[in-house]
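# A closer look at the structure
Okay, here's what each chain looks like letter by letter:
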Amino acid sequence: AAEIYLGFVEPRPAQADGRPFDGRTKMEVIADLRRDGVDAYPATRAKNLLVANPDGALVPVLSIEGAGLLPLAGPAGRTVVVCNETGQWSIYRADAHGFHNPPGSWTGEKADIVLVGDSFVQGNCVGAEQTIAARLRQGGATVLNLGVDGSGPLVELAVFREYVEAIQPDTVVWFYYEGNDLTKDLSLEMKSEMLRAYATNGDFRQELARRKDEVATRLQAYLDRRMAETMARVDHPLERMLAAAKLFRLRGRLGLGPVSLGVFEGATDEQFTLLRDILAGVAARTASWGGRLVFVYLPESDRYFGAARDGRIRAHIRERVLSIAAALELPIVDIAEAFGRAPDPRALFVYPGSHYNAAGYALAAQTVQDALARRMTDAR
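Residues numbered from 1 in each chain as written. Predicted model: local features only at pLDDT ≥ 70, side-chain atom pairs only at ≥ 80, totals over all residues. Heavy atoms only, no water.

## A word on the overall build of the chain
The helix and strand tally for the chain stands at 13 helices and 14 strands. Sorting the 380 residues of the chain into buried and exposed places 54% on the buried side. Carbon and sulfur atoms make up 51% of the accessible area of the chain, which totals about 16,400 Å². (Helix = DSSP H or I, 4+ residues; strand = E, 2+ residues; numbered from the N terminus. Buried < 20%, exposed > 50% of the residue type's maximum accessible area, 1.4 Å probe, protein only. Areas by Shrake-Rupley, 256 points an atom, 1.4 Å probe, with all protein chains shown as cover.)

So this is what it looks like as structure tokens:
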């Protein structure tokens, strides 16, 4: 048996449930599904659909009548192959807008809770019944999961503007992941004029929800032509280990990421200011229809593995991010604190650098659910 992380295959114990390890690459899984007549696609995010122009700015690869088009989720209504961290590939059927929700989730009725975030909200690398959204639904709430792999604050703002505002849910839960939201994702997103427009122009929208059929047709046609190229903008298309990825994995194992080591400040004042402005705008819009915005802080594995678990830079970023949420008077749900109270927080991850395992997702979901329940009780 083996584990795959960025395509790296190394020995690991046999699967606890006795199933054989699925060592196929993502492209091989997609090819096998297509041979069986399944319209399968890789998980696709906005990052995959942006390319640099001669000036270094990021522009969409898709357009309609000369205007740039940037889908924010994957192929709608299609089978999506996501990731393999446990020995089994996580695969699901996308909803009518390309998100990870059960069929029929978009009923037109007002949702109780909408989740906005990245791959940890999408529910990467566990079964569909083990995601945060699925576990919240078990409590009886109507929950829409609008998490998308690889999203940072600007893409999440775009998701809010395109989809959440039309739904006007009672509660918007905004998930912040300390592993890359500011230190990696936002810095890249800021190079896109279209994504920045969501922050600078309160009326800017692509009308993606209204044009969902047109968007789906354009996206699927593009992926059918250029699937490997699209994946390669973020992931190596065959998921084979490259020298740089080997070094990345070693750093993750030893807790030697740049934030852990403190070799750079991790985020700029401009990025912190933009995050504050995004959250302030989302909070105001949510309040305008009588809803509430809840801020959830998600920890990365480096916090619990390796030598530099509570480095100066990580602590600095965490303090500033939480102070921004507190200054905006947002309810804060701190999953890092919940994980820190566990007997062994490392047992909540598959391995260093991975997403949460089923137990980690369960604890995160329970912590969010308890916090929401307390707020409902206090409101009465």
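## Description of the state of the cysteines
Inspection of every chain in the model, using the stated rule, returns one disulfide. The partner cysteine of Cys 83 in its disulfide is Cys 125, sulfur to sulfur 1.9 Å. Across the S-S bond of Cys 83 and Cys 125 the torsion is about -135 degrees, and the bridge reads as left-handed. Here Cys 125 lies in the loop between helix 2 (119-122) and helix 3 (132-137) and Cys 83 lies in strand 8 (residues 79-83), a separation of 42 residues in the sequence. Classification of Cys 125 by relative accessible area gives buried; the value is 3%. (Disulfide = S-S within 2.5 Å.)

## A closer look at the packing of aromatic side chains
Under the counting rule described, the total for this entry stands at 16 aromatic pairs. Both rings, one in Tyr 176 and one in Phe 295, keep their centres 6.1 Å apart while their planes meet at 25 degrees; by these two values the pair is stacked. Within this pair, whereas Tyr 176 is found in strand 12 (residues 171-177), its partner Phe 295 is found in strand 13 (residues 292-298), the two being separated by 119 residues in sequence. There is no split in this pair, since Tyr 176 and Phe 295 are both buried. (Phe/Tyr/Trp six-rings, centres within 6.5 Å; stacked < 30°, edge-to-face > 60°.)

## Things to note about helix 11 (residues 312-327)
Between its first and last C-alpha, helix 11 extends 22 Å over 16 residues, near the 22 Å set by a 1.5 Å rise per residue. Of the residues making up helix 11, those classed as buried are Ile 313, Arg 314, Ile 317, Arg 318, Val 321, Leu 322, Ile 324 and Ala 325. What you see down the axis of helix 11 is that its buried residues fit within an arc of 155 degrees, all on one side. Exposed residues pointing more than 90 degrees away from the buried face of helix 11 are listed as Arg 312, Glu 319 and Ala 327. (Expected span 1.5 Å × (residues − 1). Arc of directions from axis to C-beta.)

## What to know about the pairing of strand 12
Buried residues dominate strand 12, accounting for seven of its seven residues. Burial of strand 12 is two-sided: the residues Thr 171, Val 173, Phe 175 and Tyr 177 facing one way and the residues Val 172, Trp 174 and Tyr 176 facing the other way are all buried. As judged from the four bridges shared by strand 10 (residues 113-116) and strand 12, these two strands associate in the parallel manner. Looking at strand 12, one finds that Ile 113 is bridged to Thr 171. (Pairing = 2+ DSSP bridges.)

## Thoughts on the sheet that holds strand 9 (residues 90-93)
Strand pairing in a sheet takes place through backbone hydrogen bonds and is either antiparallel or parallel in direction. The strand order across the open sheet formed by three strands is 3-8-9, and the pairing between neighbours is mixed. Two strands in the sheet have a free side with no partner beyond their single neighbour: strand 3 (40-42) and strand 9. Strand-to-strand twist in this sheet, taken as the mean axis angle between neighbours without regard to direction, amounts to 30 degrees. Looking at chain direction, strand 8 and strand 9 are connected through four bridges and run antiparallel. When the bridges of strand 9 are listed, Cys 83 appears paired with Ser 90. Packing of helix 1 (residues 26-35) onto the sheet brings it into contact with strand 3, strand 8 and strand 9, and relative to strand 3 it is tilted by some 165 degrees. (Axes fitted to C-alpha atoms, helices over the stretch in contact; angles between N-to-C directions. Contact = heavy atoms within 4.5 Å.)

## Remarks on the sheet that holds strand 13
Read across the open sheet, the five strands follow the order 11-10-12-13-14; overall the sheet is parallel. The sheet terminates laterally at strand 11 (143-145) and strand 14 (332-334), the two strands that pair on one side only. On average, each strand axis in the sheet is tilted by 20 degrees relative to the strand beside it, whichever way the strands run. Across seven bridges, the pairing between strand 12 and strand 13 is parallel. Within strand 13, the position partnered with Val 172 by the bridge is Leu 293.

## Side note on the nonpolar core
Membership of the largest hydrophobic core comes to 99 residues, with the highest contact counts inside it found for Leu 115 and Phe 295. It is helix 4 (residues 153-167) that contributes the most residues to this core, nine residues altogether. Ignoring anything within four residues of it in the chain, the contact list for Phe 295 reads Trp 174, Tyr 176, Leu 279, Val 321, Leu 322, Ala 325, Leu 330, Pro 331, Ile 332 and Val 333. (Core = buried A, V, L, I, M, F, W, Y, C linked by side-chain atoms within 4.5 Å.)

Just distances and angles here, no functional claims.
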